[in-house]
Structure formats: structure tokens, C-alpha cells
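Each chain is listed here by its residues.
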Amino acid sequence: MNGPIAALNAQTVIDAIGLGAVYALMAIGIGLVFGVLRLVNFAYGQLVMAGAFALALSSEWDWPAWAGIVLCLSVVLALTGAMNVLVFRPLRAQSPAVMLVATFAVAFLLQSVALIWFGSLGKPATSLASLNRPVTIGDVDIRKITIVAIVVAALFLVALVLLLERTTIGLHMRAAAIDFSTARLLGVRAERVIATAVLISGVLAAAVAILLTVQSPIVTPGFGLSQTIVVLAGVVVGGMNRLVSATLGGFSIGFVSGLLGGALPTGQSQYLPSVVFGLVIIVLLIRPDGVFARAGVGERV
Amino acid sequence: MTAHLERLVAPAALVAGAALLGTTVARETQIYFITALLAVTLVVALYVFVGNSGVLSFGHMSFVAVGAWGAGVLSVPVDEKSLIFPSLYGFLGDTTVDNVVSLAVAAGVGLVYAVVVGLPLMRLSGLAAGIATFAVLEITHNILRYWDRIGPGTNSFSSVPETTGLLQSAIGALIAIVVAFAYQSSRFGRQLRAVREDPAAARAAGIGVVRQRVWAFGLSGALAGLAGGLYVHFIPLSTEDVYLDLTFITLAMLVIGGAGSLWGAVVGALAVSALDSFLAEAESGIGIAGATLDLPSGSRLIVVGFLMALVLILRPSGITGGREFSLAWTGRMRR
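Residues numbered from 1 in each chain as written. Chains lettered and ligands numbered in written order. Predicted model: local features only at pLDDT ≥ 70, side-chain atom pairs only at ≥ 80, totals over all residues.

Student: Would you explain the overall build of chain B in this entry?
Tutor: Scanning chain B for helices and strands turns up 15 helices and two strands. A compact globule built from 335 residues should have a C-alpha radius of gyration of about 20 Å, and chain B, at 20 Å, falls within 12% of that. If you line up chain B on its principal axes, its C-alpha atoms span 65 × 60 × 35 Å. Of all 335 residues assigned to chain B, the portion counted as buried reaches 52%. Taking as baseline every contact in chain B between residues at least 6 positions apart, the subset at least 24 positions apart corresponds to 80%. (Helix = DSSP H or I, 4+ residues; strand = E, 2+ residues; numbered from the N terminus. Rg over C-alpha atoms; globule rule 2.2 N^0.38 Å. Buried ≥ 20, exposed ≤ 12 C-beta atoms within 10 Å, placed from the backbone. Contact = placed C-beta atoms within 7 Å.)

Student: Quick question: what am I supposed to make of the interface of chain B and chain A here?
Tutor: It is common to report an interface's size as the accessible area lost on association of the parts. Between chain B and chain A, the contact holds 38 residues from the first and 39 residues from the second. Secondary-structure elements contributing two or more residues to the side of chain B that touches chain A are α7 (126–146), α10 (199–204), α12 (244–257) and α14 (299–314) of chain B. For the side of chain B that touches chain A, the element with the highest residue contribution is α7(B), accounting for 13 residues.

Student: Looking at this structure, I do not really get the environment of A:Leu37. What am I missing?
Tutor: Residue and element names in this part refer to chain A. Tracing the backbone through its elements, the reader meets Leu37 in helix α1 (residues 10–37). C-alpha of Leu37 to C-alpha of Phe180: the two residues are 143 residues apart in sequence and 8.5 Å apart in space. Aside from chain neighbours lying at most four places away, what touches Leu37 is Phe88, Arg92 and Ile194.

Student: Is there a simple way to explain the packing of helix α9 (residues 187–197) of chain B against helix α11 (residues 209–232) of chain B in this structure?
Tutor: Residue and element names in this part refer to chain B. Between α9 and α11, the least distance of the axes is 9 Å, while the angle of their chain directions is 120°. It follows that α9 is oblique to α11 by the angle criterion. Pair α9 / α11 crosses with left-handed handedness. For the pair formed by α9 and α11, the contact residues are Phe188, Gln191, Leu192 and Val195 on the first element and Val209, Gln212, Arg213, Trp215 and Ala216 on the second. (Axes fitted to C-alpha atoms, helices over the stretch in contact; angles between N-to-C directions. Parallel < 35°, antiparallel > 145°, perpendicular 65-115°, else oblique. Left-handed = near helix turned anticlockwise from the far one by under 90°.)

Student: Sorry, what's going on with the confidence of the model for chain A here?
Tutor: All names here are of chain A. When pLDDT is averaged along chain A, the result is 86; 95% of the residues meet or exceed 70. Predicted confidence for residues 1–7 stays below pLDDT 50, and this span has seven contacts to residues more than four positions away or in other chains. Here residues 297–301 is a poorly scored stretch, pLDDT under 50, and it has 13 contacts once near neighbours within four places are set aside; other chains count. (pLDDT = per-residue confidence, 0-100.)

Student: Would you mind showing me how to read the environment of A:Ala209 here?
Tutor: Within the secondary structure, A:Ala209 is located in helix α8 (residues 190–215). Excluding residues that lie within four positions of it along the chain, A:Ala209 makes contacts with A:Val48, A:Gly51, A:Ala52, A:Leu55, A:Cys72 and A:Val76.

Student: Sorry if this is basic, but what is going on with unusual backbone geometry here?
Tutor: Trans is the prevailing form of peptide bonds, just as negative phi is the prevailing case for residues other than glycine. Residue and element names in this part refer to chain A. Phi is positive for Arg38, close to 55°, though the residue is something other than glycine. Phi angles above zero are rare outside glycine, and Asp62 is one such case at about 60°. Topologically, Asp62 is positioned in the loop between α2 (44–60) and α3 (65–91). Classification of Asp62 as exposed rests on a count of 9 C-beta atoms within 10 Å.

Student: Mind showing me how you'd approach the pairing of strand β2 (residues 134–137) of chain A here?
Tutor: Along any regular strand the residues' side chains alternate between the sheet's two faces. Residues and elements named next belong to chain A. Direction of pairing for β2 relative to strand β3 (residues 140–143): antiparallel, over a ladder of four bridges. Residue Pro134 lies in a different strand from β3, and its bridge partner there is Arg143. Linking β2 back to β3 in an antiparallel pair, the connection comprises two residues, with Gly138 at a positive phi of about 65°. (Pairing = 2+ DSSP bridges.)

Student: For this particular structure, what's the right way to read the confidence of the model for chain B?
Tutor: Segments scoring low in pLDDT should not have their predicted coordinates read at a detailed level. Overall, the prediction assigns chain B a mean pLDDT of 88, with 93% of residues at 70 or greater. Per-residue pLDDT stays below 50 along residues 330–335 of chain B; that stretch engages in one contact with residues further than four places along the chain or on separate chains.

Student: Would you mind going over the nonpolar core with me for this structure?
Tutor: Side chains of a nonpolar character, in soluble globular proteins, are inclined to be buried together. Among the nonpolar cores identified, the biggest contains 216 residues, and A:Ala233, B:Val40 and B:Val44 are the most heavily contacted of them. Top element by residues in this core is α1(A). It accounts for 17 residues. (Core = buried A, V, L, I, M, F, W, Y, C linked by C-beta atoms within 7 Å.)

Next up, the structure:
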């Protein structure tokens, strides 16, 4: 285990799982909305950014951690709801490409608002910084936040599976994801299904904001943007047509980035994005419908 | 085949008019006109691919970037290179070319890069194509930013002769318009538009989908490279100038104008540039009709983002409706 590729040890693997868990949460948030609306929400990272600024403000005001989390959740949910009514609803009849470009515009809009409001230097969010302390198990140091991220992601996944499989609204969501207009004809309430999916994606964005601010506490207007780009790539690579494959895609790209980040020689680590996105292109060329997608559902051309 | 020459003349005249108007204003204001003309080149370059193929590309700023890098690195005088870029590769380090050659290099590099990238990528469509072109942008940005043997790395370009003025930017925009018009009137352009309308039917009619897309992608890359070359001769570029913000503003111009037509691309570029210049002035405070308008800096992207979202929601085919310029006004009125 010596030399430049010595880093494939337990430490790297666990950190990579932690990164994959955070990305998986974002992937669920993006995949849920795509499932019911066929809409790729590029502005998802800006929801995370808004939540992170809420946390930064609450730590500036010396609020207790729980109050910061409540503020973060309310800000993100309010913004998600507004986005649903003002942007997603009028765009529903458009092609996926138009919707993607529109959310691209919303993303830049929100980022510019944050730039004017908070400036480009950013604010620190420190109320949960204690989670950065490591716990030593054997000879591996695990930061508490890594454990929290993995546990939170697992809990959300289980809760979501239960919701989708065991409740009426979950059944409606799955029906809407397969064939929206037929589902409506059969009595599924479109607005309620969409609102539920969008709000759950907002809760996930708030959770991601909390996890990411612990790992990198300086919140800037660009916070969450690069992660969103990576997760979007991961979600498409995994396969957008099913929530499970999208989630697996998000997890995989986080996990692989984490492993590669540990494995690249120190002098070359700045090229990590190139390696990751190079892999994305290669995988897309081999499996354009997604690695984890079922075969035979893609476009003809 | 009717040539519909007004579809070439109208956008070209609009650009020429903007350039002529630019000659009448003060030097500080001229900057805005040059920026607008460069935007036309850039948006028309993007239009050649996106408009004709209907496939979204987030990766075109990569071709702008490599064009800028090619022209920029080769234009810095040799004796200054050892100071500014100490670690350039030998050939790049001891060659300097003149202005026109550097622009040709920019277009050439853009063409080659776009064809190399396009050959594998053009087999994709829909979201996979969008994400793959995004990946190309990320890779290009990442490599240009950290590989200082082929350019300034994390620094900005400096000592590149500032040759891009009103004349060159206008010529660049006109070249882009003529090329775009010639392409879309050609057999290749028509075949690609057929693919856009109905891929399965076009393929059944014997059109090579991938080959037509690669043609358009390469041509579009060449024009984007030319735009990059013109940019680097205009302002001291860095990798951040040819990344997400420029991708956004260029797409916004194309979408606001109407991605379906050359007329839409030119109108969108000029209209958004005009608005953007006005807002830039307003950010430093201007007086209108006795009142002073003073916007906080950064409001430009807010307004453009808002406008783009608004156009997409209310009129998704853009302000021109994605139609070419037409002299048959009365005919349209009657409809």
C-alpha cells in the first residue's frame, strides 16, 4: 500500500461513502421532481445555497443549532414552493430541454440575488462545527459528519421507499411517474402529487445544506453549484427514468470521486474533475439511457 | 430553390447598422458596441448547432476557450513570453503570429476540437447529450485552468495585442452570419433540420443523423473559436470568463431571441446586449429624465435571468417566434 496509489485504505473508502451519501440525497431530490414533471432542476444547488445562507445567518445571530435547522428548512421549503408555482407549473407543457434551460435561468437569478445580498466573500456557518470532530475506530478516523451523512441518507431512502410503496400518495406518485396523463384520468390529483414530490425534494435540499455546511462552512453565492453539476451528471449516468437508478447514479459518482480523489497522486489532484467527467462521457457513450436503467425505454435516435 | 436573400440581408444589415452607430459614439461607449458584436458572433456560432439540430449544447464555451487560448498564446510577443508564461511548451514559447493568422488559428482550433469531441458525442441526444456537453465544458475549463504549459493557467492573459475594435468585431459577426446562412440553406443544413423535426423519418429517408450533427458541431465550433480569438484580442481573458456565466448569457440570448432562426439569434444577441449595457451603466448610476437610476452591482444577471425565465414561460420560441426575417408582413398580418 505504498507509493502514489497508497490511499485506497479504509479511511478513503469511508470518506468516499460519506460523499456518495450526500450526493445520493441530492440525486433523490432531483430524481423525484424529474419523475413527476420530466423536469431536470438545475436550480437545485441554489436551494441548497439558500438553506446554507439561512444556517450562516442563524449562526451569525447566535441562534441555537435547532433553530438554525428550522430556519434552513423553512427558507428552502418556501423557495421550493415558490419555484413550483412560479416556474415549474407554467412550464409543464414544454419539452425537457426548454425546462432545463429555464431552471438554468432560475439558478443564475437566485445566485445573483445572493451575490447582491451577501457579497461574493461569503459567510461562515459554524453552529454545527462540532460534527467535524473525528471518532477513532481502529486506526481509522471518521468525522462525525460522515457518519451523520450516511445515516441521514439511509434513513431518507428507507422513509422514501416506505412512502412510495406503502401509502396512497406514494402509489399516486409512482403512477404519475410512469404515465402522467393516464394517472390523471384514473383520478390521481396531479397538483397534490407534484407538490408532494417538489416539497420532499426541498426537505432533501435542506438536509444537504446542513451536511455540506458542516463539511465546508464558508457559504458563498456559488455554494452547491459544482455539487449540483456533478450530481446531475451522476443522475443521468445512473438513469433518470427510475428513482432507484438516479439515486444509485448520484451515490456512485460521489463514491468514485471520493476514491479517485484519494488515489490520484498529490501533484495531479487538481485534475480530478477532468477524470470524473471523462468517465461520465465514456459511460454515457456506452449506456446512454443510464447504467442502472432498465433496457429498452430510451429514445430511438 | 428560392434563395430568400432577405433572410441573410436583414440580420447582416442589423449588425452593420449597430457597427455604424458605434462609430458615432465616444470611445468608452464603443466598448459596449464591440461587446454586442462579439456576442452576435458567439450566439450565431451556438445557433448553427443548437438551432439547426435542436440538440442542446452546454459545451460551446469550450470551443470559445480553446480558440482564445490558441490565438492568445500565439499573439504574445516572443520576448515577453518567457516572463509571462515561463513554462510554455517549446513551439508555443518561441512562435508569434500576426493578428489575422491568430484568428484563423482560433477558428481552426475550435473546428478541430469540436470535430474530435463531436465524433463520439453526437451519437447522444436529449439529456445525455446535454450532460455530455456539460462534461466537455468542465474538462476543458479544468485543464486550461491548471495546465500552464499551454497558456496562462490560473492567471489572465496579458500582452495580447488589443486588435479587436469595432471593425474586426463587425467583420467577425458578419462572417458568422454569412456562414450560418450558407450552411442552413445548404443540403447539409436542410438535412439536419429534417432530423430535428422528425429523427425517425429523416433516418428512414437516408439521412446520416450522426454525420450531419458532427458537420454542424464542427462548423459551430469553428465560429465559436473565432469568437474566442476575437475576445482574447479585446479583453484580458481568464478561464473564468469562458465558463458558466458566459454559457448562461449566450444561451439566454439565443433563447430570448428565438433558437429556431438566424434572425432570432442576431436579434437576441443585440437586444440582450443593449439591455445589458444599459444595466451596466445603471450600476454606476445614470440620469434618465431628471431622475438618477442607480442599481446595485450584479443586477445585470438578475434582470437577464428573470427575462430569460419570463420569455421561456410566456413565449418559449423566443421574441422572434423562431421565424426568419420576412418581407411578407402583410401576409402574416392576415393570418
